[in-house]
Amino acid sequence: MTDPSATFLLFGATGDLAHRMIFPSLYNLLADGLLPEDFMIVASGRTEMDDEAFRADIDKALQKFLGADRYDADVATRLRAIIFYQPVEAGNAAQFRKLAKRLDGRAERGLSVYLSTPPSLFAPTAQGLAEAGLITPTTRIAMEKPIGKDLASSKEVNNGIGALFDESQIFRVDHYLGKETVQNLLALRFGNVMFEPLWNATAIDHVQITVGETVGLEGRVSYYDGVGALRDMVQNHVLQILSIIAMEPPARMDPTAVRDEKVKALRSLRPLTAETVKANSVRGQYTPGAVGGEIVTGYADELGKPSDTETFVALKAHIDNWRWQGVPFYLRTGKRMPARQSEIQIQFKPVRHSIFGRDGHGSGLEPNTLIIRLQPEEFIQLLIMSKRPGLERDVRLEEVTLDVSLTAAFAGQRRRIAYERLILDLLAGDQTLFVRRDEVEAQWTWIDSIIDGWKEAGIKPSPYAAGNWGPSSAIALIERDGASWHD
Ligand code: BG6
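Residues numbered from 1 in each chain as written. Predicted model: local features only at pLDDT ≥ 70, side-chain atom pairs only at ≥ 80, totals over all residues. Heavy atoms only, no water.

Colleague: I tried to follow the UniProt feature "binding site: substrate" (unreviewed entry) in the protein on my own but got confused; where do I start?
Modeller: The feature "binding site: substrate" (unreviewed entry), as given by UniProt, occupies H175, K179, E213, D232 and K335 in the numbering adopted here. In this fold, D232 is placed in helix α9 (residues 228-246). In this structure, D232 is in contact with K145, R220, Y223, Y224, V227, H237 and K335, ignoring residues within four places of it in sequence. Here the side chain of D232 touches K145 through a polar contact of 3.1 Å, side chain to side chain. Inspection of the secondary structure assignment puts K335 in the loop between β12 (329-334) and β13 (341-348). Under the relative-accessibility criterion, K335 is labelled buried at 5%. (UniProt positions renumbered as here; feature names shortened; annotations may be inferred. Helix = DSSP H or I, 4+ residues; strand = E, 2+ residues; numbered from the N terminus. Contact = heavy atoms within 4.5 Å. Polar contact = N/O pair within 3.5 Å; in protein donor to acceptor, adjacent residues only side chain to side chain. Buried < 20%, exposed > 50% of the residue type's maximum accessible area, 1.4 Å probe, protein only.)

This is the structure we're talking about:
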């Protein structure tokens, strides 16, 4: 790590992500005194406007997205004073020169560039920066997903950026890694003695990862259609969660050690084929229904035409290594689910031999379950067996819950936006919570196997009424194995 960057240069600054997440995060970092001294934010977009117009626009966004209790006019004034706006269009060398002039002399003191633009603009933007002399050994570049739409196109994106930046300067964002709860998985696994000895095929029957959303397309039709849930959510967020759950313990908490272990887990994912894809995956698309008591339209209606894009996917994945032999990982994510709920369930195996009841029957004995809720609430629950009080000679067992509410345990602490952590780490040059190129490629390799399998086997999305956990075949996917989704 080096000195923190003195300048943050944001491309795509007039976009939705910048308004909803990036500026509110910068505001919070400033409010907490976490931004470097003499810090400058240079925002850039295609729209022509001056500093004042952009600052006013950001102020409105801060009031809207921070909420009245968090918005403080003094902090907002301090933030506005360090924001500058420079219109820049990729490919316009004159505008890049103007940008360089504005940054005059600052690039040497560390520049963090953040690309919140469509990926097609990543390479041209990097090129523009290079030509304007803005890439120095202390320049860092962060990119939002999607990094490609398959392995081949992700390589193109990475080659484009890689031609101008060393991997140690590239910060690929997966905002799930900025979430406190996702980082807490590391604390749970490696900060406690009791889980790791059981964290393998000997004790674990299967793992479930669910990322459910209640929202539909939210005006993102042009991006989402043709992309779908597999590429939009599984390729990145769900596989990042999976890699943290599945990886071997890294020797230390540093970018190389952590990412080496994650990539090994990702590379051990068993590819699907045209033969196996049917039994191991389900694609769904929502039709009209009700979510949270509200009637909502179907995907095709929102889109205005029929489509083969999936808004839900469920998968049965295998990690072919020593630790996870024979342990299925059931993954599912979708739009218009009954609840916004992200959760990991670790289902343990039954005890080896039951001393209760006849062969364990009739005693109430159940295998243990660990539930890690990532959002909206944060909790960890361990379902354990307990004796039901009473004088019966045959011991009756009942499941009780060891319940740790992290929200309650850390009640005094503000829940941070994932981007606060990520921007801070970008400025500091810490890559631990960013995705390395080989991880992205391992993720796409597995995703491509599923997409190819779907194509070859002619698998199209099955309908599900909005407000359900996907098509009924998603339930069958897990119930065939004698398990069931934790809803
Ligand atoms: C984004 C996806 O990466 O993650 C969206 O493109 C999705 O489709 C979002 O809604 C979910 O993020 P979060 O933080 O709300 O769970």
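Colleague: Could you clarify how one ought to interpret the side chain of T311 in this entry?
Modeller: Tracing the backbone shows T311 in the loop between α12 (299-303) and β11 (312-317). Polar contacts involving the side chain of T311 include one to the main-chain amide nitrogen of Y286, which spans 3.1 Å. At 2.9 Å, the side chain of T311 forms a polar contact with the side chain of Y464. When near neighbours in sequence (up to four residues on either side) are disregarded, T311 contacts Y224, A229, G284, Q285, Y286, Y299, T333, G334, K335 and Y464.

Colleague: Explanation requested: the packing of aromatic side chains in the structure shown.
Modeller: Remark: the centre distance and the inter-plane angle together describe each pair of aromatic rings, the angle taken between the planes. Per the counting criterion, the structure on display carries 13 aromatic pairs. Taken together, a centroid distance of 5.7 Å and an interplanar angle of 65° make the contact between F23 and F54 edge-to-face. Of this pair, F23 sits in helix α1 (residues 16-31) while F54 sits in helix α2 (residues 51-66), placing them 31 residues apart in sequence. Considered together, F23 and F54 belong to a single accessibility category, that of buried residues. Considering the side-chain rings of Y286 and Y299, the 5.9 Å spacing of their centres and the 85° angle between planes classify their relative orientation as edge-to-face. Here Y299 lies in helix α12 and Y286 lies in strand β8 (residues 281-287), a separation of 13 residues in the sequence. Comparing Y286 with Y299 shows no difference in burial state: the two are buried. Above the ring of F84, the side-chain terminus of R55 is found at 5.2 Å from the ring centroid. For R332, the ring lying beneath its charged end belongs to W469, and the centroid distance is 4.4 Å. (Phe/Tyr/Trp six-rings, centres within 6.5 Å; stacked < 30°, edge-to-face > 60°. Lys NZ or Arg CZ within 6 Å of the ring centre and 35° of its normal.)

Colleague: Can you help me understand the site of the ligand in this one?
Modeller: Taken together, K145, H175, Y176, K179, E213, R220, D232, M233, H237, K335, R340 and Q375 are the residues near the ligand. At 2.6 Å, a side-chain N or O of D232 approaches an oxygen atom of the ligand. The contact in question runs from an oxygen atom of the ligand to an N or O atom on the side chain of R340, over 3.3 Å. Out of a free accessible area of 390 Å², the ligand has 82% covered by protein chains. (Near = heavy atom within 4 Å. Areas by Shrake-Rupley, 256 points an atom, 1.4 Å probe, with all protein chains shown as cover.)

Colleague: What am I meant to see in the environment of G160 here?
Modeller: Position of G160 relative to the elements: it lies in helix α6 (residues 151-162). Taking the C-alpha atoms as reference points, G160 and D452, separated by 292 residues in sequence, lie 25 Å from one another.

Colleague: So what exactly am I meant to see when it comes to unusual backbone geometry here?
Modeller: Omega for the bond connecting K145 with P146 falls within 30 degrees of zero, at 0°, which places this linkage in the cis form. Position of P146 among the secondary structure elements: in the loop between β5 (139-143) and α6. Note the cis peptide between Q375 and P376, where omega equals 5°. Tracing the backbone shows P376 in the loop between β14 (369-375) and β15 (379-387). For D38, which is not glycine, the phi torsion reads 55° and is therefore positive. Mapped onto the elements, D38 comes out in the loop between α1 and β2 (40-44). Positive phi, close to 55°, is recorded for R336, a residue that is not glycine. Under the relative-accessibility criterion, R336 is labelled buried at 15%.

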